[in-house]
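Letter by letter, the chains look like this.
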Amino acid sequence: MSAIVSETAPGHWPMIFIIDDDEAIARIVERSLKEFEFSVESFRDGTSVLRRLQVKRPDLCIVDLGLPDIDGLELVRKINELANCGVLILTGRGQTIDRVMGLELGADDYVVKPFEPRELVARVRSILRRRRVGDAAVPSQRRYASFSSWALDCAANILHSPDGSEHILGTAEAMVLRAFLQRPHQILTREQLIGQRDLSPLDRSIDVRISRIRRKLEVDPQNPKIIKTVYGAGYMLMAAVTWS
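A short tour of the structure in this document, coming up.

Procedures and definitions
Residues take numbers from 1 onward in each chain, read along the sequence in its written order. Where local features are concerned, this predicted model is filtered to residues with pLDDT of at least 70; where side-chain atom pairs are given and counted, the filter is 80 or more; whole-chain, interface and lining totals use all residues. In computing side-chain properties, one takes all heavy atoms of the structure into account and sets aside hydrogens as well as water. We call two strands paired when DSSP finds no fewer than two bridges between them. Numbering of helices and strands starts at the N terminus; helices are DSSP runs of H or I of at least 4 residues and strands are runs of E of at least 2. Axis lines are fitted through C-alpha atoms, for helices just across the contact stretch, and the angle between N-to-C directions can take any value from 0 to 180 degrees. Buried, partly exposed and exposed residues are distinguished by accessible area as a fraction of the type maximum, computed with a 1.4 Å probe on protein chains only: under 20%, between the cut-offs, and over 50%, respectively. Salt bridges, as used here, are contacts in which a Lys or Arg side-chain nitrogen is within 4 Å of a carboxyl oxygen on Asp or Glu. What is meant by a nonpolar core is a set of buried Ala, Val, Leu, Ile, Met, Phe, Trp, Tyr and Cys residues, joined one to another through side-chain atoms within 4.5 Å. Contact between two residues is taken to exist if any of their heavy atoms lie within 4.5 Å; hydrogens are not considered.

**A closer look at the sheet that holds strand S9 (residues 150–153)**
Phase 1: Spatial strand order, S11-S10-S9-S8-S14: five strands in an open sheet with antiparallel pairing. At either margin of the open sheet sits one strand with a lone partner, and together these are strand S11 (166–168) and strand S14 (242–243).
Phase 2: Note that strand S8 (residues 144–147) and S9 share four bridges and pair antiparallel. Residue pairing for S9: Ser146 is matched across the bridge by Ala151.

**Some details on the sheet that holds strand S7 (residues 109–112)**
Phase 1: Spatial ordering of the open sheet is given by S3-S2-S5-S6-S7, a layout of five strands whose pairing is parallel. The open sheet has two free edges, formed respectively by strand S3 (39–43) and S7, since each of these has just one partner strand. For this sheet, the mean angle separating the axes of adjacent strands, direction not counted, is 20°.
Phase 2: The sheet contact formed by strand S2 (residues 15–19) and S3 spans five bridges and is parallel. Looking at the pairing, Met15 lines up with Ser39 of S3.

**What to know about the pairing of S8**
Phase 1: Only one face of S8 is covered, namely the face carrying Ala145 and Phe147; the face carrying Tyr144 and Ser146 is uncovered.
Phase 2: In this structure, S8 lies alongside S14, joined through two bridges in antiparallel fashion. The partner of Ser146 across the bridge, within S14, is Thr242.

**Notes on the pattern of salt bridges**
Oppositely charged side chains are able to pair whenever their charged atoms sit close together.
Phase 1: Under the defined criterion, the tally for this structure stands at 17 salt bridges.
Phase 2: The salt bridge involving Glu30 is made with Lys34; its shortest N-O contact spans 2.9 Å. Remark: Lys34 and Glu30 occur in helix H1 (residues 23–35); sequence separation between them is four residues, near one turn of the helix.
Phase 3: Given the relative accessible area of 46%, Lys34 is considered partly exposed.
Phase 4: Two residues, Arg212 and Glu173, come together in a salt bridge whose shortest N-O distance is 2.9 Å. Of this pair, Arg212 sits in helix H8 (residues 205–217) while Glu173 sits in helix H6 (residues 171–182), and the two are 39 residues apart along the sequence. Pair check on accessibility: Arg212 and Glu173 agree, each one buried.
Phase 5: Here the salt bridges do not stand alone but share partners, grouping Asp20, Asp64 and Lys113 into one network.

**Structural notes on unusual backbone geometry**
Phase 1: Cis geometry marks the peptide bond from Lys113 to Pro114; its omega dihedral reads -5°.
Phase 2: Inspection of the secondary structure assignment puts Pro114 in the loop between S7 and helix H5 (117–136).
Phase 3: Unusually for a residue other than glycine, Ser148 sits at a positive phi of about 45°.
Phase 4: Position of Ser148 among the secondary structure elements: in the loop between S8 and S9.
Phase 5: For Ser149, which is not glycine, the phi torsion reads 70° and is therefore positive.
Phase 6: With respect to the secondary-structure elements, Ser149 resides in the loop between S8 and S9.

**What to know about the nonpolar core**
Phase 1: Counting 25 residues, the largest nonpolar core has Phe147, Leu177, Phe180, Leu193, Leu217 and Ile227 as its most contacted members.
Phase 2: Contributing elements (two or more residues each) for this core: S8, S9, H6, H8 and strand S13 (234–237).
Phase 3: Per-element accounting of this core gives the leading share, six residues, to H6.
Phase 4: Apart from the residues within four sequence positions on either side, Leu217 is in contact with Phe147, Trp150, Leu159, Leu177, Ile226 and Ile227.
Phase 5: Formed by 23 residues, the second largest nonpolar core is a distinct cluster that contains Met15, Ile19, Leu73 and Leu75.

Rendered as structure tokens:
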């Protein structure tokens, strides 16, 4: 089996995979990213990028939902299973249900076409910056966090339940849970949890991610005991955390 190559090694520019069957759109995105010194590979279907992910890991994937061979939402799920990378959905599907489903499946951001190329680049950079901050916040010697009979493997994004089962978290979910674990018993704002300033009041992505985490952790997600909502302020992890 071929070794998987990571483009995050020193000396590499961030690697972005573009998955879009519209060649004109893909060229615009590729040209805009290259202007800011990103490395880019483009794919016209989901099968091709899944094959490529077996041997090469990007820093982020930009995914269109209207692909010819696989539903884009299903592709987002598979990317999160195969690669520890950021995901930005770029699509003409602007319905709320698609946006919510995309974020539920682990996408870091959702952009509706038509789009402003410079704004897209800014969103890519924001995702990569948040991921770097999240990775740096958990030193290698503090890989495992234990809380309320649960444990998170921060390097592999695997959540271990009290009964011994494992849940693979999407990158966005793992970043939010790590933020809680680094600061238990503290009120964290939505901006702190997502690592972004000036978050729009209409942006519900953090709420979607917390809802997903609660469905895994809580006996009754509608009456949470581990992650509490502090109305008008943010959220708080109500558990002691030990690191190893």
